[in-house]
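Topology and contacts: notes
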Amino acid sequence: MPAQIISQPNPPADPSLLPDSTLDYAIKLDTKDYLSPEELDGIRKFRRAADYIAAAMIFLNNTSNVLLERDLTHDNIKPRLLGHWGTCPGLVMVYAHLNRIVRKTGLDALYVVGPGHGAPAILSCLWLEDSLSTFFPEYTQNLAGLQKLISSFSVPGGFPSHINAQTPGAIHEGGELGYALSVSFGAVMDNPDLVVACVVGDGEAETGPTAAAWHAYKYIDPAESGAVLPILHVNGFKISERTIYGVMDDKEITALFTGYGYQVRIISDLPNLDNDLAASMEWALAEIKKIQTAARTGKPIIKPRWPMLVLRTPKGLSGPKMINGEIIEGSFHSHQVPLPGAKTSDEELAALQDWLSSYKPQELFTPQGVPIDAVLSVIPDVNTKKLGQKKESYAAYTPLLTPEWMDNCVEKGTQESCMKAIGRFLKEVINKNPKTFRIFSPDELVSNKLDAVFDVTGRNFQWDVAARGQGGRIVEILSEHTCQGMLQGYTLTGRTGLFPSYEAFLGIVHTMMVQYSKFSKMAVETSWRQPCGSLNYIETSTWTRQEHNGFSHQNPSFIGAVLNLKPTFARVYLPPDANCFLSTISHCLRAKNYINLMVGSKQPTPVWLSPEEADQHCIAGASVWKFASVDDGVNPDVVLVGIGVEMTFEVIAAAALLRIHAPELRVRVVNVTDLMILLDTGLHPHSLSHEAFKSLFTEDRPIHFNYHGYPIELKGLLFGRPNLDRITIDGYAEEGTTTSPFDMMISNHTDRFSVAINAISGGATVNAAVAAYAHEKCSYLRHLKQKERDYIYTNGKDHDGIFDTPVFN
């Protein structure tokens, strides 16, 4: 069975075994004649016009027959038919009704579309409301503009088949399903007057990220934030199979979402569809207003049941009914291109002619291609209220007020947790930015020692009696996907957020981050989109200190995920101490349009640099650490490079060992805090020039890197630099268990003994005095390393003092 077999269009779900009384929980409304005759006429004509344009966009080329002035020929059809029709009628329907309500009430609304391939629907509506021409003057609201829109869809140089940053009003790219709902909830946070209508396709609703995001309303305080109106669009089919929600009857859907805490309104009266949807949307908005008013007048409703709509319509509504003996409307055959053979098949071309003619475009547009007044009657009069022109979607960035990071620094030579230090800094950020900064964390804030923020704020979990209504800036939910989606929505609507996480599990949102970076790339290349804040990640609880959690909690691969992004947007920082981390996070929170990844430690570690030294070091991205080098690092035999907190500690500990065991060896110690400087000249905005690279790492001396991530990442970064055969690299080697911190280092060959052995081996190739005893000293260092491991396994812990700050003799 290569595809779903169905015997009738829009097949109903088999009845469930739930009692009929379950439907008592579904909202009942009187929808008969809800709209005035004029409103109903306007809605229907808008839908016809938008559906016509959406269908025409998939099929018609630039041969000037966009209003069917004559019968279609094969020459009128695009050579490649791309696009998705099945979701378009439902998306148009919601757009039309939102327009009517915005025009009638002045509602501030955004429209987030989960079925991302529904671009034809959204673009057609944007053209009808004359928002396209606001940002793309060539898409005028006349025949020339309409012809350009239809002919340039899904062709090289034109609009893509899915919504992206080039789509006015969009804050979400639907290339990967599952994230529309969480993005919507992030967008309404601290936007008290905003309503986001979010359509979730029933295919998208099958995803894990969507499943968790239904609970996101529990983190919305109606006193301070806007609201999301979720609209589950159940049209029954995916690309070749029925959906889970499509085979659930009304009782099952009602029971599910009532249990989640929603009031469920099911819209399925097809002969009365527009009245049904209009009444349901106005009911939902009234419920939202009731919840918000109660909260904002000091009488909040405890556990308010927010409204949601379930829109049941046939897949590809108003499209072809049958072709070649196959059901089209109401089946998976309408999911993409319903008539894929229209370019060559006379039968399919005739079906396309009948389909497009059924909309009667000549009744909807003047001969000059201008929509008639009835079509325009539902569109808001005020441009800034139109869904495609809301400032929140493209021009709302508010820069953060950041405190002076040096005021939070600690004394050089002491030990401090990087996370404790930035926790104090973030506490001040929250104080200075009470409505434009939030932290989204998967229930790990205290574990990651960022808990200083709780001195000035709390969590925003509205179902928890201890947290509700307190204006908390912290959102903790054990769904990385939901945290990521909220962060995206919050950022794209002009605010700044932070996502701290255990290192091993940030990879859960890898592809979400990549999808966002694609949106960000296109946004930067789209002239009318203004900058927004960066996505800011902090990785802590790293593999180096997961001794009590074991192998499952060791995975630094998110570094590689960011490295693979377009260099213009990717930034990876591994600050070596608390002062450097303060400088780094201050910079990242002020930066725009980047993906910033900061990797640090929550354990106390030495503070190597003073605030002033940290400032210079972070600006440079890397520097020679003279205090750990021989003769200030001048004319070295070998270069040791630490990248990461613990990796740098072991490099410095190795340098101290070498003063004792290889005094003739001339060592230069370098720390890299900005990973991107290593890329070959010109490959990244931060790349070191060839001269700078040579001055830092020498021209021909052996170099050993002790790197926090996977060694293969560093090899990729260094590719193109001269004399790479002199380089050795150790990093995370997928070795670990429940063991001590130092044994973790030994297991991955990143401990001080391994670093010292590499230093002697490399130095011996250029220093004869070292070569004379290299084998003896390396053997002894291996012996010392084994003795440390023996001690750990005998005593169940590291030697006391193993992580004391190294002392140089």
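Residues numbered from 1 in each chain as written. Predicted model: local features only at pLDDT ≥ 70, side-chain atom pairs only at ≥ 80, totals over all residues. Heavy atoms only, no water.

As recorded in an unreviewed UniProt entry, the protein goes by Phosphoketolase and comes from Psilocybe cubensis. Among the UniProt annotations of the protein, the heading Sequence similarities (unreviewed entry) holds the following wording: "Belongs to the XFP family." According to UniProt, the comment filed for the protein under the heading Cofactor (unreviewed entry) is "thiamine diphosphate". (UniProt positions renumbered as here; feature names shortened; annotations may be inferred.)

Here we look at the overall build of the protein
Summing up its helical and strand segments, the protein has 25 helices and 20 strands in all. In summary, the protein has a C-alpha radius of gyration of 31 Å against a globular reference of 28 Å for 809 residues, a match within 12%. Counting only C-alpha atoms and orienting by the principal axes, one finds that the protein spans roughly 95 × 60 × 50 Å. For the protein, buried positions account for 63% of its 809 residues. Intrachain contacts of the protein at a sequence separation of at least 6 include 79% that bridge at least 24 residues. With an accessible surface of roughly 28,800 Å², the protein has 53% of that area assigned to carbon and sulfur atoms. (Helix = DSSP H or I, 4+ residues; strand = E, 2+ residues; numbered from the N terminus. Rg over C-alpha atoms; globule rule 2.2 N^0.38 Å. Buried < 20%, exposed > 50% of the residue type's maximum accessible area, 1.4 Å probe, protein only. Contact = heavy atoms within 4.5 Å. Areas by Shrake-Rupley, 256 points an atom, 1.4 Å probe, with all protein chains shown as cover.)

A look at the packing of aromatic side chains
Scanning all chains against the criterion turns up 37 aromatic pairs. Relative to Phe257, the ring of Trp214 lies with its centre 4.7 Å away and its plane at 70°, an arrangement referred to as edge-to-face. Of this pair, Trp214 sits in the loop between α7 (208–213) and β3 (227–234) while Phe257 sits in helix α8 (residues 250–260), placing them 43 residues apart in sequence. Like Trp214, the residue Phe257 is buried in the burial classification. Following the ring pairs from residue to residue traces out a cluster consisting of Trp608, Trp625, Phe627, Phe649, Phe742, Phe753, Phe803 and Phe808. Between the NZ or CZ atom of Lys218 and the centre of the ring of Trp463, over which it lies, the distance is 4.5 Å. (Phe/Tyr/Trp six-rings, centres within 6.5 Å; stacked < 30°, edge-to-face > 60°. Lys NZ or Arg CZ within 6 Å of the ring centre and 35° of its normal.)

Details of empty space enclosed by the protein
For the coordinates displayed, the defined rule picks out 4 cavities of 30 Å³ or more. Within this model, the largest cavity holds a volume of roughly 110 Å³. Around the largest cavity sit 15 residues that line it, and Tyr111, Val113, Ile122, Gly169 and Ala170 are the ones nearest its centre. The element contributing the most residues to the lining of the largest cavity is strand β1 (residues 108–113), with 3 residues. Taken together, the residues of the lining of the largest cavity break down into 11 nonpolar, 4 polar and no charged. (1 Å grid on protein atoms, 1.4 Å probe; cavity = no way out; pocket = protein on both sides within 12 Å on 5 of 7 lines; lining within 4 Å. Points joined across faces, edges and corners; volume = space filled by probe spheres on them. Nonpolar A, V, L, I, M, F, W, Y, C, P; charged D, E, K, R; others polar.)

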